[in-house]
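# Summary of the model geometry
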Amino acid sequence: MTATIDTDTPQTTSQPTTHAGILAWVTEVAELTQPDAIHWCTGSDEEWAELTASLEATGTFTRLNPDVMPNSFHAASDPTDVARVEDRTYICSVDERDSGPTNNWMDPAEMKDLMRGLYAGCMRGRTMYVIPFVMGHVEAEKPMFGIEVTDSAYVTVSMRVMARMGTEVLSRIEELEAAGEDPQWVPALHSVGMPLEPGQADVAWPCNDTKYIVQFPEERMIWSFGSGYGGNALLGKKCYALRIASVMARDEGWLAEHMLILKLTSPQGVTKYVAAAFPSACGKTNLAMLKPTIPGWTVEAIGDDIAWMRVGEDGRLWAVNPEFGFFGVAPGTNEHTNPHAMETIRKGNSVFTNVALTEDGNVWWEGLENPPARATSWKGEPWTPESDELSSHANSRYCTPIKQCSILADEYDDPRGVPIDAILFGGRRKTTIPLVTEARDWNHGTFMGATLSSETTAAAVGAVGVVRRDPMAMLPFIGYNAGDYFGHWIGMGKDHDAAKLPKIFYVNWFRRDEDGGFLWPGFGENSRVLKWVIERIDGQAAAVETPIGHVPAPGSMDIDGLDVTEEQLAQALAVDPEEWKAEIPQIQEWFEKFGDDLPAVLWSELDTLTARLDA
Ligand SMILES: Nc1nc2c(ncn2[C@@H]2O[C@H](COP(=O)(O)OP(=O)(O)OP(=O)(O)O)[C@@H](O)[C@H]2O)c(=O)[nH]1
Ligand SMILES: O=C([O-])CC(=O)C(=O)O
Ligand SMILES: [Mn+2]
């Protein structure tokens, strides 16, 4: 289907669209980037077979043993291209003020000049793939279309797992056009930035030391260069569904958030929906697929990374997961921590990046059961359990179709989504933050989100374990001025009946004792916290009022059969006024960054907290 020929005009698979705007843009990109061939993606199984075979041929993919991981592949990245690059990520708004103090900014015209220089001829010797995709449902009231153009077959294969894509999407765009509507689509340009000269052999993981991940918020446009890593290159995910969508959400009165969505059913058959924002590699996937340890409770997954939430006619906040797959952290995933993820993965049709490859054609990573006697590490070196180095990168990932998840809730397929009862904010903090705290009201909950702090993880390039403010777990993903973003959150409570909006809670699974051990066992045991949250909403569980909000009253949390001492639980739940007083100047410094753009309500919340701690 895709032919590679050496002429000035790229060979194109049969022209699949009559859409003038899309054709014009694809032509413009091809003229700039000079690919050898253009491939319009259909999303078919044949195309998957063709692309994965070509990735095997270039050494990017190793096919796994079909008896253990059917139709699945191992990939190892260049060792320098393993995570999101936050210092190379830009919000190029027309006005610098609109990108705010938490984003990198460059004048859009200047950035385009610079990047056109990088893109010029950058696809020489390669095929340019055109991926029509939709984030969310094609049948949504206003479908959120995108066209990603990329010179990476790895990205194309991964996009097929992570988003609804292909002919079906293009047909829907054309159909809406024909009906006289004006379907919007986000142009998303990606290149690994490594052209091939005639005769030059390719490498398994092409990329470029120069990287730019750029959002043009007013134009709703994305330009990415130099990286093949998920969050930098699968442009439907962080770039569109969070950065660009957060701008759309601000303008249109909804929320685009870094949140999981789960459905919780009690032994009495009462159903609740919970959304939770934790920073990257801080437990969203694990909570979304939780296997409760308390009898009679069930969790079904709806999403593990992104939630788009709109207030419905009933005044409630309705959430959809715009994605189609899981791009999950591999290390630490096992039969105990996340049995449902393991079951999902074992069905195959997956891409594993930067994990170890075993001699029998399987994958392995730190934390998984049954370490192999010998394996090849993610760096391509021989590895044994005695090796000093890790077998897998700390941010190694599996990319797996969501439909394979046996606990996927039926509501996942409903374009209206689900009405959210509770929002959890959470981070990775060794001290200070209790296991669970309930906000007094929407504004207090927004304050909790706006001051959320967490230790940095391997999901982004840079130091790991450094505490930083990560508001609503969205620090790297807010596509505009974070001060305005806080204002938008406050506004949601003002413009709507706050009583019908979700109740907000702050959780911390990561608090430690003096010896550095976790005070709370986490994973399936987090169902006990979810139960308390639901019982608070229903007015059943008791709480104690503290300066920072309501925490579980002694005896109010179900700890039946839990292997935790009273002392440990008390420590996990403790509110230490001295620790909190030490937070105040840090929060103050954080808020000062935003100057006059910080909503006054948040300053009042800080004053209230300070006064309560002093009382
Ligand atoms: N101690 C403890 N660790 C947890 C818990 N839940 C998750 N983790 C650890 O958190 C890390 C990654 O969590 P994920 O669920 O994959 O993270 P995520 O929030 O989905 O991350 P992104 O995909 O990067 O947005 C792994 O190292 C897990 O072992 C928990 O309840 N307790
Ligand atoms: O973006 C990625 O590559 C993975 C992810 O979910 C995150 O970092 O939050
Ligand atoms: Mn994420």
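Everything numeric in this text was worked out from a predicted model, so none of it was measured.

Criteria and thresholds
- Residues numbered from 1 in each chain as written.
- Chains lettered and ligands numbered in written order.
- Predicted model: local features only at pLDDT ≥ 70, side-chain atom pairs only at ≥ 80, totals over all residues.
- Heavy atoms only, no water.
- Near = heavy atom within 4 Å.
- Polar contact = N/O pair within 3.5 Å; in protein donor to acceptor, adjacent residues only side chain to side chain.
- Helix = DSSP H or I, 4+ residues; strand = E, 2+ residues; numbered from the N terminus.
- Axes fitted to C-alpha atoms, helices over the stretch in contact; angles between N-to-C directions.
- Parallel < 35°, antiparallel > 145°, perpendicular 65-115°, else oblique.
- Left-handed = near helix turned anticlockwise from the far one by under 90°.
- Contact = heavy atoms within 4.5 Å.
- Nonpolar A, V, L, I, M, F, W, Y, C, P; charged D, E, K, R; others polar.
- Buried < 20%, exposed > 50% of the residue type's maximum accessible area, 1.4 Å probe, protein only.
- UniProt positions renumbered as here; feature names shortened; annotations may be inferred.
- Donors = N, O, S within 2.8 Å, 3.2 Å for Na, K, Ca; no water.
- Tetrahedral: all angles 85-135°; square planar, octahedral: opposite > 155°, others 65-115°.
- Areas by Shrake-Rupley, 256 points an atom, 1.4 Å probe, with all protein chains shown as cover.
- pLDDT = per-residue confidence, 0-100.
- Pairing = 2+ DSSP bridges.

## Re the site of ligand 1
Within the structure, ligand 1 sits among 21 residues, and Ala281, Lys284, Thr285, Asn286 and Arg397 are positioned closest to it. Here an oxygen atom of ligand 1 and a side-chain polar atom of Thr285 are 2.8 Å apart. Listed by contribution, the elements that provide at least two residues to the shell around ligand 1 are α8 (284–288) and β18 (325–329). With 3 residues, α8 is the largest single contributor of residues to the shell around ligand 1.

## A closer look at the packing of helix α10 (residues 442–450) against helix α11 (residues 482–495)
Relative to each other, α10 and α11 sit at 160 degrees, their axes nearing to 9 Å. Of the possible angle classes, the one that applies to α10 and α11 is roughly antiparallel. You can see that α10 and α11 cross each other, and the crossing is right-handed. Of the residues in α11, those in contact with Trp442, Asn443, Thr446 and Ala450 of α10 are Phe486, Trp489, Ile490, Met492 and Gly493. Across the contact of α10 with α11, the residue classes tally to 6 nonpolar, 3 polar and no charged.

## Some thoughts on unusual backbone geometry
Of note, the phi angle at Asn349 is positive, near 55 degrees, even though the residue is not glycine. Residue position: Asn349 is located in the loop between α9 (339–346) and β19 (351–353). Residue classification places Asn349 among the partly exposed residues on the basis of a relative accessible area of 25%.

## Description of the UniProt feature "binding site: substrate" (unreviewed entry) in the chain
UniProt tags Arg84, Tyr229, Gly230, Gly231, Ser280, Asn395, Ser396 and Arg397 as "binding site: substrate" (unreviewed entry). As for its position among the elements, Gly231 is in helix α6 (residues 230–233). Those residues within four positions of Gly231 in sequence are excluded, and the remaining contacts are Arg84, Lys238, Cys239 and Phe327. When you line up the elements, Asn395 lands in the loop between β23 (382–383) and β24 (397–401). A polar contact of 2.9 Å, which involves the side chain of Asn395, links it to the side chain of Tyr229.

## Quick word on the coordination of the manganese ion (ligand 3)
In the first shell of the manganese ion (ligand 3), the protein supplies Lys238 (NZ), His258 (NE2) and Asp305 (OD), at 2.2 Å from the metal. If you look at the manganese ion (ligand 3), its 6 donor atoms make angles of 75 to 173 degrees with each other, and the shape they trace is octahedral. Positions of the donor residues of the manganese ion (ligand 3), expressed as sequence spacing, correspond to K-x19-H-x46-D. Of this pair, Lys238 sits in helix α7 (residues 236–252) while Asp305 sits in the loop between β15 (298–303) and β16 (307–311), and the two are 67 residues apart along the sequence. Since its relative accessible area comes to 9%, Asp305 is described here as buried.

## Some points on the site of ligand 2
Lining the immediate surroundings of ligand 2 are Arg84, Tyr229, Gly231, Lys237, Lys238, His258, Ser280, Asp305, Phe327, Arg397, Ala459 and Phe477. The contact in question runs from an oxygen atom of ligand 2 to an N or O atom on the side chain of Lys238, over 2.9 Å. A distance of 2.5 Å is found between an oxygen atom of ligand 2 and a side-chain nitrogen or oxygen belonging to Ser280. In the complex, 98% of the free accessible area of ligand 2, which totals 260 Å², lies under the protein chains. Across the shell around ligand 2, the residue classes tally to 4 nonpolar, 3 polar and 5 charged.

## Thoughts on helix α4 (residues 153–162)
Of all 10 residues in α4, 9 are buried; the element is thus mostly enclosed. For α4, the set of buried residues is Ala153, Tyr154, Val155, Thr156, Val157, Ser158, Met159, Val161 and Met162. Two or three places before Tyr154, at the opening of α4, Ser152 has a side-chain oxygen 3.3 Å from that residue's backbone nitrogen.

## A closer look at the confidence of the model for the chain
Scored by pLDDT, the chain comes out at a mean of 96, with 98% of its residues at no less than 70. Every residue in residues 1–7 is under pLDDT 50, and counting partners more than four places away or in other chains gives 14 contacts. We note a pTM of 0.97 for the whole complex and an ipTM of 0.99 for its interfaces.

## Examining the sheet that holds strand β22 (residues 375–376)
Read across the open sheet, the 4 strands follow the order β21-β20-β22-β23; overall the sheet is antiparallel. Looking along the sheet, the strands with just one partner apiece sit at the ends: β21 (363–364) and β23. In this sheet, β21 lies alongside strand β20 (residues 356–358) in antiparallel orientation, the contact comprising 2 bridges. Each bridged residue has a counterpart across the sheet, and for Leu357 the counterpart in β21 is Val363.

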